[in-house]
Each structure stands twice: as C-alpha cells, then as structure tokens.
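# Coordinates in review
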Amino acid sequence: MKKILLSALIITLGVSTLVVPVLAGEIAPELATKVAKAGSTDKIEIIISLDSPLANTALKTTLADSYRKLADRHRVGMEQLESRATISQAGILDVLREMEKNNLAADIKSHWIINAVSARIAISELDKLAERDDVDYIFQLPLITAVDPTGESEDIEKDVAQSTYIDPNIIAVGADSAWAMGYDGSGRIVCSFDTGVKGIHPALNKSWKGLDGNWSAAWFNPIDTSSVFPEDFSSKHHGSHVMGTMVGYDNSDSENVRICGVAPGARWITAAVINIYGASIIDAFEWAADPDGDPNTINDIPDVINHSWGIEGIGCNEYFWQMIDNTEALGIVNIFSAGNEGEDGPMSLRNPADRAFDSLDCFAVGAIDHRGDTITYFSSRGPSDCDTSMIKPNVVAPGYQIFSSTGSSYYTPMNGTSMAAPHVSGAVAILRQYAPDATVDEIKEALLAGCRRLPEGISLPNNDYGWGLIHIPRSLEALTPPPEPDLRVYSYNYQPVEPGETASGYVVVKNFGDPVNMVYGRATGTNGGIEVLTDSLYFGPISSGDTIASSFPFEVAVSDTVTSGRLFTAFLDLFGSGGYHCSCRLYLRVGESPAAGFYTNKNNILHFTISNFGEYGFAGGSFYPLGYSGFRYQDTVINDLFEAAFMIGNDANHISDGARNLVMEPDNDFAVSPGGDLLVSVPGVRSDQETFSVYNDGRAEHPLGVEITQRTYLWDESPNDNFVIMEYAVHNTSDSLLPNLYAGLFFDWNLYNYLSNCGGSVSDYDLGYIYADEIAFPYWPQRYRGVVVLTESGMISHTLRRETNNDEYDMSEEEKYYSLISGIHDSEYNSWYDLSQVVSTGPFDLAPGQRDTIAFAVVAANETLDNLINTAIQARNKYYQTTDVETVDEMLVPQEYILAQNCPNPFNPVTVIAFGVRERADVRLDVYNLLGRRVACLVDKNLAAGSYRVEWNGTDFDDNPVASGIYFYRMTAGEKVLTRKMMLLK
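Bear in mind the structure is a predicted one, so any value in this text is a computation, not a measurement.

Bringing the overall build of the protein into the picture now. Helix and strand counts for the protein stand at 15 helices and 52 strands. Restricting to contacts in the protein with at least 6 residues of sequence separation, those with at least 24 account for 71%. Of the accessible surface of the protein, which amounts to about 37,100 Å², a share of 48% is contributed by carbon and sulfur atoms.

So, in structure tokens, the structure goes:
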C-alpha cells in the first residue's frame, strides 16, 4: 500500500493531474507556488524521506542505556545511521540516477542524519516517486531565518574600568560562580547555526577551534568553500553576538579584561546557514555531527548546537525532527530560541522550538529582563501547538539589553530570545566539562532542576517562564555523572623470563571508578618477538577501589631470538557491563623483574616517577601507562606529563634514547648494566631523596657504546621543593673516540588540555618551558613546566615539537638528532598546540674510557614565568652548593692542569669552580681580593689525577660575607700555578 503520511497537493498542469505528497497536513506554500508556476519538465528541489519523522526516536535512549562513554555512543550511533541510510536508499538512488541520465534529475545527494535523498526532480516525475513503497514523504525545507533582535535597545555606555569586567547577564545565570568552582567550559566545544561569525573579533579570535590547524572541522560555509577563516560574514552581527554570549572573552587590553560569555574556556565552531539562500540545514547537521569526518574521534564534535533561528507560521510541523533527534542520539545537545512573537499571545513559539511531547523536546529558551527577572514582552509564549497541555518554553535566560561581540569592538546591546538561548548553550558546555559523558537528557534535566524561581512568587512551570531562570551552579549540583568505572591494569605479576621461555602470571586490574560487573579482557595484538597464548581473561565484578586478579594466568611466549632486556607490549581490551570498554597495554621486559626499576621522587608538592632505563612518567593515560605518578605539582591528582626520556647522540644514525619511535612505542635503547639496579637513599648524602642507577645503550640499533650513571636529587623543604635534579655521568665504554656528543631531555607535557599548550625558552637561564594558555584556562592557576641545563656548557638547543595528529606520536631518529642540535628559539609558540620539548647541551668529546657529567633540573611553577625562572635559578644554585670536591668522579683525567671559569659569573651568593689535575699532587685553591689579600681557602689537600669542582659561598675565613667586587682565585698544583678572575654582585 502506498504510504502518504498526511495529505496531498492536487495540481492540474494542462490535461494532467499531479499528486504531490506534502508534510504537516497542509499545503506547503513554497512548494505549491513553485509547482504551480513550473512546467512539467522543469526541475524542483525536493527532499525524499524514507523514514517517518519519528523513525528511530528510540535510538537516543538505546545508545544512552547501552554505552556509558560519549565516544562509544557517537561511534555506534554514526554506524547505525549511516548503515540504515546506505541499505534503505539503494533502490531510490538507482531510480534517481536513471532519471539523471535522461535529464529528469540533478544534484542527487544522499543524507544520513535524516534518512533522505535531496535532488532536483522534474515535475513530471514526482508522482512516480510518491508511488514507491520505500518513499515515506516528499517535501521542501523552508528558508531558515534568524530570530532577529527586536525592540529598541538603549545604547548604554559600559563601565569597564575594573581590571576584569563580567557582564551582569552572565552573573545573573551564575556563570561566575561556576568559574570559581573550576568550571568555565574548558576542553569543550560549542557550535552555532547562524549567520556566520566574525572570527577576528577580539572576544572570539583566540577561542576558534580552527586554530588547531583543521579549519574545515571548525567552519562550515556551504556557499563559499574556499573560506578558511570565519570572517566572510563579518557584516552579520547576529551570529557574532550569539557566539560572544556563549564564549566571549577579551584580554586584548592589557589593563582590562572583558568577559561577555557564559563559558569563556570553551572553543567554538560555526555553520553559516541562516538567512543564506541555498544553504542546506541538513548538510549543516551532518557536518556538526562529525566535523572531522572520522566517527572514531570525539575531540572535534560540539557538546551543543545553538539555534537562534526558527520558522514562523508553519505550526507543529515535523520538518526538522529527525535531524534533531539523531544529532542528540550522537550526544549533541540542541538549544533553540523560543521566538520573538510574544506580543501575539499564547502558542506563539516558532518551529521547531514548539515541539513538546515531553519536557525535554526541542529545548526552547524564552527571554527575561535580568535587571528585574521579569519576562520580556516579546518572548514567545506557550503552550505548545503540538500539544496544548504541554508547557513551553522550557527555561528562560537574559535576553534584554545583552551586550556582546558585535561590530569591530563591543557593546551595542541587542534584545531577543536569540540573545537568551546562547546563555543556555554556554551552560551546556560547563555541564559537559563537569560530566563529559553525561547524556543529552541528563544535561537537559540538570538545566531544569537548577532553575530558580523568579521574585514574583509565581507557580512554575508555566507558559511564560517555563521551569524558570537557569542557574548553572545549581545545575552542576543536580547533574550527577552516571556511574563510570575506571579500569586500569595495575600489574602483570610474572616471574622473570628469558628468551625462548613463556611468561605466565596473573593480570591485576584496579577499578578507580564506580562498580562494574562482568569484567573480562581480550588480547588484541602484540609487537614482534612475543606471542600471546591467552586470548581472553575473566575478572568478574569489580567494586570501586578494588583490585582483582584474572581467574587464570596470562601467558606470553618469548621468541628465542630476542635480546635479554628487551621491552615488549601486549594489547588488552577490558570490557564490562553497561557497554564499558577501555584499551590497555601489558609490558613484558625479558630477562628482568617487571617491578624493578621505578621510583617516584615525591615531597609535599611534587611527584616525579623515574626509571633505570632512561624513561620517565608512567602515569595512567600517558604514553607508557603503568599507573605511577608521572609528574604532579601542587595538585597531586593531575598528572602533567605524557612522556619523557633521556637522549644522547652524535649523528642521525647514532641516537640512543628512550623516547617514542616510528611505531609509536618507547625506543628502549637502554638496558640496565650489571650492578646498575636502581638504588634509593632517603635521606641521601646531598639531598633528602636520591637515586642511583647505571644503564647502557646496548639495545640501540646503532649503539654509541656509552654507559650512563644516572643520579637524581630531590629536597623536601621550600624553596628547593619544586624541582628535581637529573645528573648523568656518561662513560665511553667503546674503543673509539666519540666526538660531538649532544645530550638532552625530551618532555611531552600535557598541561590541563594538551591541545591548549604554548612554549618558549629563556636562553639567559638555560631554560626551556611549556605552559597552559591563559586564554584557554583563564580561571585556573597558570602552569609552567620546563627543563633547565645546569652544566657549564649551558643549553645549546631548545626545540618545541608540534604534534600534528592527535592519534600519532611517532618520532624518527633524524627528528631526535635535529632536536638536539637545532639551536635555541626564544620566541614563543603562543597559540594552542600539542607541544613537546627537547632541551639539550653539548657538544663534547669522549675518548675511550673517558667520562663527562651533564646535569638538568626538571622545574615547576605556577602563576608566572618569572616564578619558573626563579625556580631555575634556585635549582642551579642548589646543584652547585651540594657538589663537593670529595664526591666528583676521579676517572675523568685531563691532559693538562685545568682551572675553569667559575659558574655562574657574576654570582650571588654561590659560585662553582671546576679544575682538573693530570697527576696526583698537593692542590691549593685560594681566593684573593683586589688588594691581594687571601680571603678564603677552598681546597688544600693531596688529590689524585682527575676532574673536580668546588663551591664558594662568598664568605671569608670567619664565615663572614665578603663585599661585592672583583676577586681572583688561584690554583697551585705542584709547580703549576693558574689564576682567574670572578665577580660577586649583591
């Protein structure tokens, strides 16, 4: 039987009668006019839908019930929508392509966000299409128009004399209180379907997501596809004003900051499809549902789409329902302006904001005057014309005298529900920051639950105010994130295994989140050299905080061809009830105990995990996730470090390191030397915590032939508790000269959001650093992390590496070598990127058997770069203060007697003097003032041949500080006398 949903338009063209199915139980005016005026061979733009408007309305509920993670709901939902469209549209597409061959159809396009095909079809063919069993209805979408600002606005001069000015309408919805709680939308994305956005506006130009390099996933312009930055529609103030109310934040004035947005930490994308003839709202929905075209990623999809548009005069029409329902099934909240026809009385909401089969449908926002919390005269009223028993709007927000990002600057106020809706959309971004995996309905329910009553004492909900004025802190309180397990591999307890043997041990999983049942694991692959013998593991229910061992051992066969000491990876997916899934890695080190070689240096404010094979970090979620601390500073919950490693090399073919390689695994060039196991001393000789380990580069593809003695030093008390000193004594164990060696530390910091990091260097202090961009995180403490070279050769290179693909972290040997030698770049990366850094020193030569020592400090500070610089200075002073002549390695024998220039110079209050003795001798090192008076004796003893250093703290024989000025230091070794000059500045 032919399915014609509602009614038919009967049109007589000459002697023929044409039946055209139409939507909404009435004649669509635009379609009727075009058909009546067209000839039978003329083509008309239509949409052929293969589903009813309410098809698959259960998809949102099914996905929400089945999958806890937003990423899983989005991925599975995309698969279902695209699969349904592909299968059901095959027949109609064949017919349309045949029509196209006969010039009866054109511009054929398949859609999946709505199961439909759009095309231009000859009038004569419409009845044939309507008779098909697979066609549900045929219609045209009206031109999408903005809910234009209404009424007269008072052009009020705004007082922005305060250092930070927050617009009062933003305060009215409690946004500033949410910021104080740490929630400003950071890490989230808002989208608008509007007239376009002036992306160069100072309140918006730093928060456009397209700054990450993928502009097409942040700017949809169906008319001008050549545009690469959203400024073409700069004359359209409506879209810019709306976006500013969502995210606007302007600190371009060094003295004043202006905040006009509810979620200033969020980033924005936009589709310019409103008031634009020829723009397709269907294409815009499909773009917004998956901006980067990859359904497996969610860092591109918006949390909310703001719709400050609506259609007048079409009643409760179903044109847009499928698009809205399916977008929300994928996890994107849709917020609509109610309309500005309030003077027309009840049932004046625009379509689709009028839809109201429950309290969450097409979430509509009315407008109040926030100066008195009263409904504006223009705000469209309920009840819904879809069901007169249903209340509309859903909520209200400020929509009168709203100042935002219009024109080249600010602050021409606008009135309208278009100004009210973005307050709610900004609130959605904040709620999603708090609960990233919350469903669309949970977000909407929290918005309703958080509404506050208005001062008139009226009964709510009602058809003027809906459920009331949104209040974000109350909605945060109402939003309870869904129970979410957090499973991680806690350990793999196998006995040491040699090449050719089988590792067998129980995998222990810990649940850091909410309880989960029916947990099991499935091995998904390995790298070469091992074979997984156990395909799956069973763990059962795991309560919050519990650790559960697998019910039977996990066995891995090791090839007899591998080298002892190699690290291998097995991949394990963990699954649980409710659709829970996470991917983990198991690490197997052949010939060594899996628990050996890790230690977390920690005091009251700093944690840093190191190993005895040149790699550092190992926090959950990092590149090498072993569940250790990583790098944590002041906040012991948040790890700042994705990956870190030691590097040394002298050309692109001879780089030994522990950093990532081209197959995105740790390079593992270093093996623990015999007797080089990690030793920990608490307290140590020179600091409160010390570690000692020795490793060599025997696993490298082209070994240099070096052995590294690694020492770390950490102090417990201020001002020395915010850095860790890393010292490396490099020993040439080969029988050849190693010329032009460079050594450095690779650090990939992830501060707050890894995509919002900036970096730079300060060569005067041998410091390279990364910091969290203050625009992205304006209300959180600024984080600065970095590496400083402590040895006299100083920082020779600081390289900032921008990750171009978030899913790939590969790095070639050539890139590593270049990063060690490329030089210092003092200019900052001051835009948002995923950055890593390499800080290096050199070059130095090592003869066979010779040693040399290099040192770095890993430093941390908050608030300002000056604080980090002060930390770097303190680390340098502390390193040289604690370096005593008695503890320096005697194996480094110089060819001649050496007296080096003191470092630092000038100094205050401590400096270090290095010297070398070519043979055993009685050595004196004295300090003289300009008058030739000896003021201090630093060394007076018999020393074996070797290299030494000693500090002077600027005091005389009686431990009294000496005056500022020039001093001479003289070394006497046997008959050899060497003298140098230094300066003390106070």
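Now for the state of the cysteines. All told, the structure shown has 1 disulfide when counted by the stated rule. For Cys-316, the disulfide goes to Cys-386, at an S-S distance of 1.8 Å. Taking the sign of the S-S torsion, 100° for the link of Cys-316 and Cys-386, the bridge is right-handed. Of this pair, Cys-316 sits in the loop between strand 13 (304-307) and helix 10 (321-329) while Cys-386 is found in the loop between strand 16 (374-375) and strand 17 (395-398), placing the two residues 70 residues apart along the sequence. Assessed through its relative accessible area of 25%, Cys-316 is described here as partly exposed. Its sulfur unpaired, Cys-362 is 8.1 Å from the next cysteine sulfur, which belongs to Cys-386.

Attention now goes to the pairing of strand 36 (residues 706-714). The buried fraction of strand 36 amounts to 7 of the 9 residues, a majority that puts the element mostly inside the structure. Bridge count for strand 35 (residues 689-696) against strand 36 is 8 bridges, and the pairing is antiparallel. Pairing of Phe-692 across the sheet is with Arg-711, part of strand 36. Pairing between strand 36 and strand 37 (residues 723-732): 9 bridges, direction antiparallel. Residue pairing for strand 37: Glu-707 is matched across the bridge by His-731.

In terms of residue burial, strand 3 (residues 43-49) counts as a mostly covered element, since 5 of its 7 residues are buried. Two strands pair when backbone bridges link them, and strand 3 and strand 5 (residues 116-122) are joined in this way by 7 bridges, in the antiparallel orientation. Considered in strand 5, the bridge of Ser-49 is made with Ala-116. Where strand 3 and strand 6 (residues 137-139) come together, 3 bridges link them in antiparallel fashion. Residue Ile-47 lies in a different strand from strand 6, and its bridge partner there is Phe-139.

Time to look at unusual backbone geometry. Cis geometry marks the peptide bond from Gly-842 to Pro-843; its omega dihedral reads -10°. Tracing the sequence through the fold places Pro-843 in strand 44 (residues 835-846). Residue Pro-909 is reached from Asn-908 by a cis peptide bond, and omega for that bond is 0°. Within the secondary structure, Pro-909 is located in the loop between strand 46 (898-899) and strand 47 (911-917). Positive phi, close to 60°, is recorded for Gln-401, a residue that is not glycine. Backbone geometry places Met-518, a non-glycine residue, at a positive phi of 55°. In this fold, Met-518 is placed in strand 20 (residues 516-526). Classification of Met-518 as exposed rests on a relative accessible area of 57%.

Further remarks concern helix 14 (residues 813-821). For an α-helix, the turn length of 3.6 residues means that residues three or four places apart are oriented alike. Buried residues of helix 14: Lys-816, Tyr-817, Ser-819 and Leu-820, and no others. For helix 14, the buried positions fall inside an angular range of 160° around the axis, keeping them on one side. Buried residues along helix 14 sit in contact with strand 31 (641-651), strand 32 (654-657), strand 38 (738-749), strand 42 (797-802) and strand 44.

This next bit is on the sheet that holds strand 4 (residues 105-111). Strands sit in the order 4-5-3-6 across an open sheet of 4 strands; the sheet is antiparallel. Looking at the sheet topology across the chains shown, the edges are occupied by strand 4 and strand 6. Recorded for the sheet is a direction-independent mean angle of 25° between the axes of neighbouring strands. Lying on the sheet, helix 4 (residues 90-101) is in contact with strand 3, strand 4 and strand 5; it crosses strand 4 at an angle near 160°.

Glancing now at the sheet that holds strand 49 (residues 934-943). Strand order across the open sheet formed by 4 strands is 49-48-51-52, with antiparallel pairing between neighbours. Two strands in the sheet have a free side with no partner beyond their single neighbour: strand 49 and strand 52 (976-984). Looking at each pair of strands side by side, their axes are set apart by 15° on average, direction ignored. Alignment of strand 51 (residues 965-973) against strand 52, held across 9 bridges, turns out to be antiparallel. Bridge pairing in strand 52 places Tyr-967 opposite Met-982.

With respect to the element layout, Glu-125 can be found in the loop between strand 5 and helix 5 (126-130). Looking at Glu-125, the relative accessible area reads 7%, which means it is buried. Residue contacts for Glu-125: discarding those within four places in its chain leaves Met-99 and Leu-104.

A word on the side chain of Asn-511. Note that Asn-511 resides in strand 19 (residues 502-511). For Asn-511, a relative accessible area of 0% translates into the label buried. Only 2.7 Å separates the side chain of Asn-511 from the backbone oxygen of Asp-514, close enough to count as a polar contact. Beyond its immediate sequence surroundings of up to four residues, Asn-511 is in contact with Pro-485, Asp-486, Leu-487, Val-516, Ile-542, Ser-543, Ser-544, Gly-545 and Asp-546.

A full pass over the atoms with the stated rule returns 33 aromatic pairs. Summarising the aromatic geometry, the rings of Trp-952 and Tyr-967 are spaced 5.6 Å apart at their centres and angled 70° between planes, so their arrangement reads as edge-to-face. Remark: Tyr-967 occurs in strand 51 and Trp-952 occurs in strand 50 (residues 946-952); sequence separation between them is 15 residues. Owing to a relative accessible area of 2%, Trp-952 belongs among the buried residues under this scheme. Looking at Tyr-967, the relative accessible area reads 6%, which means it is buried.

This next bit is on the packing of helix 8 (residues 237-247) against helix 11 (residues 417-434). Between helix 8 and helix 11, the shortest axis-to-axis distance is 7 Å and the interhelical angle comes to 35°. Between helix 8 and helix 11 lies a crossing whose hand is right-handed. Judged by residue contacts, His-238, His-241, Val-242, Thr-245 and Met-246 of helix 8 engage Ser-418, Met-419, Pro-422, His-423, Ser-425 and Gly-426 from helix 11. When its residues are assigned to classes, the contact of helix 8 with helix 11 shows 4 nonpolar, 7 polar and no charged.

Right, let's talk about the confidence of the model for the protein for a bit. With 85% of its residues at a pLDDT of 70 or more, the protein has an overall mean of 83. Scored below 50 in pLDDT, residues 1-29 shows 64 contacts in the model against residues more than four places distant or in partner chains. A low-confidence stretch, residues 152-162 (pLDDT under 50), is modelled with 28 contacts involving residues beyond four sequence positions or located in other chains.

The subject of this paragraph is the pattern of salt bridges. On inspection of all chains with the given rule, the structure shows 33 salt bridges. In this structure, Arg-876 engages Asp-766 in a salt bridge whose closest nitrogen and oxygen atoms are separated by 2.9 Å. Placement of Arg-876 in helix 15 (residues 865-881) and of Asp-766 in the loop between strand 39 (757-762) and strand 40 (767-772) is noted, with a sequence separation of 110 residues between them. Bridged by salt links that share partners, the residues Lys-60, Glu-328, Asp-441 and Lys-444 form one connected network.

For the pair helix 9 (residues 281-289) and helix 10, interaxial distance at closest approach is 10 Å and the crossing angle is 5°. Judged by the inter-axis angle, helix 9 sits roughly parallel to helix 10. For the pair formed by helix 9 and helix 10, the contact residues are Ile-281, Ile-282 and Phe-285 on the first element and Met-323, Ile-324 and Thr-327 on the second. When its residues are assigned to classes, the contact of helix 9 with helix 10 shows 5 nonpolar, 1 polar and no charged.

Rules and cut-offs
Residues numbered from 1 in each chain as written. Predicted model: local features only at pLDDT ≥ 70, side-chain atom pairs only at ≥ 80, totals over all residues. Heavy atoms only, no water. Helix = DSSP H or I, 4+ residues; strand = E, 2+ residues; numbered from the N terminus. Contact = heavy atoms within 4.5 Å. Areas by Shrake-Rupley, 256 points an atom, 1.4 Å probe, with all protein chains shown as cover. Disulfide = S-S within 2.5 Å. Buried < 20%, exposed > 50% of the residue type's maximum accessible area, 1.4 Å probe, protein only. Pairing = 2+ DSSP bridges. Arc of directions from axis to C-beta. Axes fitted to C-alpha atoms, helices over the stretch in contact; angles between N-to-C directions. Polar contact = N/O pair within 3.5 Å; in protein donor to acceptor, adjacent residues only side chain to side chain. Phe/Tyr/Trp six-rings, centres within 6.5 Å; stacked < 30°, edge-to-face > 60°. Left-handed = near helix turned anticlockwise from the far one by under 90°. Nonpolar A, V, L, I, M, F, W, Y, C, P; charged D, E, K, R; others polar. pLDDT = per-residue confidence, 0-100. Salt bridge = Lys/Arg side-chain N within 4 Å of Asp/Glu carboxyl O. Parallel < 35°, antiparallel > 145°, perpendicular 65-115°, else oblique.

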